[in-house]
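Take a look at the letters that make up each chain.
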Amino acid sequence: MKKRILLFVGLALAAAVATANAATMVPPGNRNSVQPDIPGASSRRTQATNTSFQAKYRKVYALLQNDAELRAKIRKVAAAYGIDPMHIVGAIVGEHTYNVDAYDRLQTYYVKAMSYLSSKLTFAYEGEDVSDFVERPQFQKCAGITDSYDLWECREQVWNHSFRGKTVGGTSFPNDRFGATFFQPYYAGQTFGLGQLNPLTALQMSDLVHEVSGLPELDVNDPNTVYKTIMDPDLTLPYVAATIRKSIDAYKSIAGFDISHNPGLTATLYNVGNPEQRAYALEEENEKRRAAGEPEKLPEENYYGWLVNDKLDELKTLF
């Protein structure tokens, strides 16, 4: 185990050194002068609970402001994953401003975490457990992959290409995300906890969190523990940090951009997901721009990341 951790740290440092000069540093702040449009679903969800985005922001800000222990946990986890605490803060603030209200006290998240151990949860679609589903022959190309992130990324790609919106073997599959189809036992699109993680993201980050933080590896056959991990702040913060670390590394190694000084960009990627695919798309676009003698396009924040950058000075005062 120690050798694996040292290897991971060594590779991460080597990658950072190797790409430090090659990567273009994305400056702090927003590229857009005004906030990009907020999705209608987010607005409707907020209106339905008789609140406002500003009120939700003030509520999550108060949670951070009033809980020195939480801020200490964020600092510690950020240091372990080599990122600025503001990246974690940005993800939490964005989620609780545009997704769900924050609880008033951190203790409520612990109580919720324990409640998931008493429910019988399954990751399944139409009675087929996901652990059986990924044994179908279409997933054969993923069979030799051992890293949890690469494994579930591969399985998600197979889902998109071979099952999403199609009828296979007499079963009609929805035109929806893999995570929403198999990993939401309550209702599609639901995320949980302080970091508003979804179960598929947690499963992807399992190996990295195990290596860096020493937490037990997650098992897709144990949905209750997956949900408890998402809800427990002590367990979920490393997963938030690992998700952000993956985004920073993807944009540096694939697209050639260092976004480590722009929490609004990491918050955007935390919100939209699939950082590697987005990094490849940006690199492809910039290859065309370079060939045409045009300037490169910098990564841009969405509405969620825009708020984080806009409020960054205020958030920094907490730390």
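Residues numbered from 1 in each chain as written. Predicted model: local features only at pLDDT ≥ 70, side-chain atom pairs only at ≥ 80, totals over all residues. Heavy atoms only, no water.

What follows deals with the pattern of salt bridges. Applying the stated criterion across every chain, the model contains 10 salt bridges. Here K73 makes a salt bridge to E69, at a shortest N to O gap of 3.6 Å. Remark: E69 and K73 occur in helix α4 (residues 68–80); sequence separation between them is four residues, near one turn of the helix. We classify E69 as exposed; its relative accessible area is 53%. Where E296 meets R290, a salt bridge forms, and the shortest distance between an N and an O atom there is 2.3 Å. Look at E296 and you get partly exposed, because its relative accessible area is 37%. Take R290: its relative accessible area is 39%, and that puts it in the partly exposed class. The structure contains a network of salt bridges with shared partners spanning E69, K73 and D234. (Salt bridge = Lys/Arg side-chain N within 4 Å of Asp/Glu carboxyl O. Helix = DSSP H or I, 4+ residues; strand = E, 2+ residues; numbered from the N terminus. Buried < 20%, exposed > 50% of the residue type's maximum accessible area, 1.4 Å probe, protein only.)

Turning our eyes to something else, we now look at the packing of helix α12 (residues 233–255) against helix α14 (residues 275–291). Between α12 and α14, whose axes approach to 9 Å, the crossing angle comes to 25 degrees. Put simply, α12 runs roughly parallel to α14. Relative to α14, α12 is oriented so that their crossing is right-handed. On the side of α12, the interface is formed by S247, A250, Y251, I254 and A255, while α14 contributes P275, E276, R278, A279, Y280, L282 and E283. Here the contact of α12 with α14 is built from residues that sort into eight nonpolar, one polar and three charged. (Axes fitted to C-alpha atoms, helices over the stretch in contact; angles between N-to-C directions. Parallel < 35°, antiparallel > 145°, perpendicular 65-115°, else oblique. Left-handed = near helix turned anticlockwise from the far one by under 90°. Contact = heavy atoms within 4.5 Å. Nonpolar A, V, L, I, M, F, W, Y, C, P; charged D, E, K, R; others polar.)

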